[in-house]
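Architecture at a glance
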Amino acid sequence: MQSIKFCFIVTLLFVFPNNVSAAGVHHARVCSVAKKGGLASCNAQVVVDAQGHPLFRSVPLGFSPQQLRSAYGVSGQANTPSVVAIVDAYDDPTIKKDLDMFSRKFGLSILPDCQGLPTNALPCFTKMNQRGKKALPVPNAGWAMEIALDVEAVHALCENCSILLVEADSPNTKNLLFAEDTAVAAGAQVISNSWGGPEFVGEVTLDSHFKQTGIAYVFSSGDSGYGVQYPAASQFVTAVDGTSLFMSGMSYKDENAWSGAGSGCSMFEPKPLWQKDGQCSGRTVADVSAVADPTTGTAVYSSTSPNGKKGWFMAGGTSLAAPIVAAIYAMAGDITGDIRANSAPYLRGSKKNLHDVSGGKNGDCSFNYLCEGVTKYDGPTGLGSPKGLGAF
C-alpha cells in the first residue's frame, strides 16, 4: 500500500500569547500564516494544551449541531435543499469517514457519495480537485483540520444540503480562485471559504471570480484581530466575522465580538453602494458574524489532525463562522441576482432576524465601531449574527 506523507504545521508547536482566553484556555492556528498577497492561510483554530498540542478526546468537546441550530434559530432542514461548495487547499483523505462519524454521533443523516455531480434533488457528498477531476492534491494535516471543520459545520446547520468539496493544489490564491470557478461549474449555489491573506495591489482585478449571478460567496474575515484580508475585502462576497457565543444548554444567552476577528477598511476595494458607514471610504469588513472564538467553539471529528491523533477536537476561528453563514444562506434559498450588489440582503436585517451583537473588541482603531462591538453596525460583528432565515 502506498504510504501517505502528511505536512505538519509548525505554528501548532507553540502558543501565541494573544491566543489565551480570559479563562486560561489556549488555542492555536492549524495553518501557517500567509505573509504576502497572493498566498492564503486557513482561518481555523483549535483548543490546545499548555504545550501547544491540539487537545483531543474520545467524546465531543464544544457546541453540538443542535446547540448551533438553536442559537441561530434554524431547524437544520432546508425547504429547498441547495448545493454548498467548500473550497480549501490540499486534500483531507479521511473527510468522508470523519463526516460519517460526526453524523452518527449527533444523530444526523449520513450523506451518501454523489453519483456524478451533486444536485438539489438528492443530498450527497463528493470531492474533486481544482480542475473538477478525481485525482486529488497531496494531503496536509493543518488544512485537513480546516476541511473537517468546514464540512461538518455545513452539515450541522443544513443537514439536507449537498456538499461539494473542491480541493486546490496549494494555498496560492490563483489555485484557490480556480477552485471557485470549478465549484460554480459543478453546480454550487453557495460557496463557503474559510481562507484569506493580506490585501495587495491588483486584488480588485480578481473580483471577477465572484460576479456570478445567483451564487452566494461567503468568506471568513481572518483571525489576526483588527485588519483586513482578501478575498473577504471584495465587495462581491459576504464577509463573515466572529463572536464569542454564550449559551445555557440549548438557549441562546449572548454574543460579543471575538478578539481575533478581522475587521477594518479595505485599502483597495471601493465602497459598495449598500454600505452606509461614514468613517471608511473603502469597503468595510465585515457584513455579518457567527461564533468563532475557539474557546466557545464547536465539536469537530478528525482522523487527519496536525498532531497525528484522531478523535474529537474543539475548533473555531472565523473558519467556523463562514460555513455557518453559508449553510444558513443555503437553507434560506431564493438566491437571485448579484448577492452583494443587488438588494444587499443584510440591509433587511432587524432585531427580528439578527442578533445585534455588542461588547468586546479586536484591537485599537481610530473609529471605535471598526474594532469594537457596538449597537447596530460594527466591523467585528457586522450587522449581527443570524436569528432565523429572515435576514437572508
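No experiment lies behind these values; they were computed from the predicted model shown. (Residues numbered from 1 in each chain as written. Predicted model: local features only at pLDDT ≥ 70, side-chain atom pairs only at ≥ 80, totals over all residues. Heavy atoms only, no water.)

**Regarding the overall build of the chain**
Rules: Runs of E in the DSSP output that reach at least two residues are strands. Runs of H or I that reach at least four are helices, and both are numbered from the N terminus. Buried means the residue's accessible area, taken with a 1.4 Å probe over protein chains only, is under 20% of the maximum for its type, while exposed means over 50%, and partly exposed covers the values in between. Note on contacts: a residue pair is in contact if any heavy atoms of the two residues lie within 4.5 Å. Each accessible area is a Shrake-Rupley estimate made with a 1.4 Å probe; only the visible protein chains count as cover when residues are assessed.
A count of helices and strands for the chain gives five helices and 20 strands. Across the 392 residues of the chain, 62% fall into the buried class. Across the chain, the fraction of contacts at a sequence separation of at least 24, relative to all contacts at a separation of at least 6, is 74%. For the chain, the exposed area adds up to about 14,400 Å²; of that, 55% sits on carbon and sulfur atoms.

**What to know about the sheet that holds strand S11 (residues 229-230)**
The criterion, for reference: Only strands joined by at least two bridges in the DSSP assignment are considered to pair.
An order of S2-S9-S11 is seen for the three strands of this open sheet, with the pairing classed as antiparallel. The strands lining the two open edges of the sheet, one partner per strand, are strand S2 (41-42) and S11.

**Examining the pairing of strand S9 (residues 195-198)**
The pairing of S2 with S9 spans two bridges and is classified as antiparallel. Pairing of Ser41 across the sheet is with Gly196, part of S9. As defined by bridge partners, S9 adjoins S11 across two bridges and the pair is classed as antiparallel. Looking at S11, one finds that Pro198 is bridged to Gln229.

**Things to note about the side chain of Ser234**
Residue placement: Ser234 occurs in the loop between S11 and strand S12 (238-248). If we skip the residues at most four places from it in the chain, Ser234 touches Asp207, Phe210, Glu269 and Arg283.

**Comments concerning the state of the cysteines**
The condition is simple: Cysteine sulfurs are considered disulfide-paired once they come within 2.5 Å of each other.
Across all of its chains, the model carries five disulfides by this definition. Here Cys158 pairs with Cys161 through a disulfide, and the sulfurs are 2.1 Å apart. Disulfide Cys158-Cys161: torsion about the S-S bond near 65°, hence right-handed. Paired through a disulfide, Cys265 and Cys280 show a sulfur-sulfur distance of 2.2 Å. Taken together, the residues Cys265 in strand S14 (residues 264-270) and Cys280 in the loop between S14 and strand S15 (282-285) connect sequence positions 15 residues apart.

**Section: a nonpolar patch on the surface**
Heads up, the rule is: Patches here: salt-bridge-free residues with over 30% relative accessible area, like charges joined within 9 Å, nonpolar side chains (Val, Leu, Ile, Met, Phe, Trp, Tyr) joined within 5 Å. One speaks of a salt bridge when a side-chain nitrogen belonging to Lys or Arg is within 4 Å of a carboxyl oxygen belonging to Asp or Glu.
Where nonpolar side chains cluster on the molecular surface, the patch consists of Val201, Val204, Met267 and Phe268 and spans about 410 Å² of accessible area. Mapped onto the fold, Met267 is located in strand S14. Looking at Met267, the relative accessible area reads 62%, which means it is exposed.

**Some thoughts on the packing of aromatic side chains**
Using the following cut-off: Stacked, tilted and edge-to-face are the three classes assigned to paired rings of Phe, Tyr and Trp, where Trp is represented by its six-membered ring and a pair needs centres within 6.5 Å; plane angles under 30 degrees give stacked, over 60 edge-to-face, the rest tilted.
Overall, the coordinates contain ten aromatic pairs when judged by the stated rule. Arranged with centres 6.2 Å apart and planes meeting at 40°, the rings of Phe56 and Phe313 form a pair that is tilted. Of this pair, Phe56 sits in strand S4 (residues 56-57) while Phe313 sits in strand S18 (residues 311-316); the two residues are 257 residues apart in sequence, bridging distant segments of the chain. A relative accessible area of 31% means that Phe56 is categorised as partly exposed. For Phe313, a relative accessible area of 0% corresponds to the buried category. Pairing Phe210 with Tyr217 gives two aromatic rings, centres 5.3 Å apart and planes at 70°, and the pair type is edge-to-face. There is no split in this pair, since Phe210 and Tyr217 are both buried. In this structure an aromatic cluster arises from ring pairing among Phe102, Phe106, Tyr301 and Trp312.

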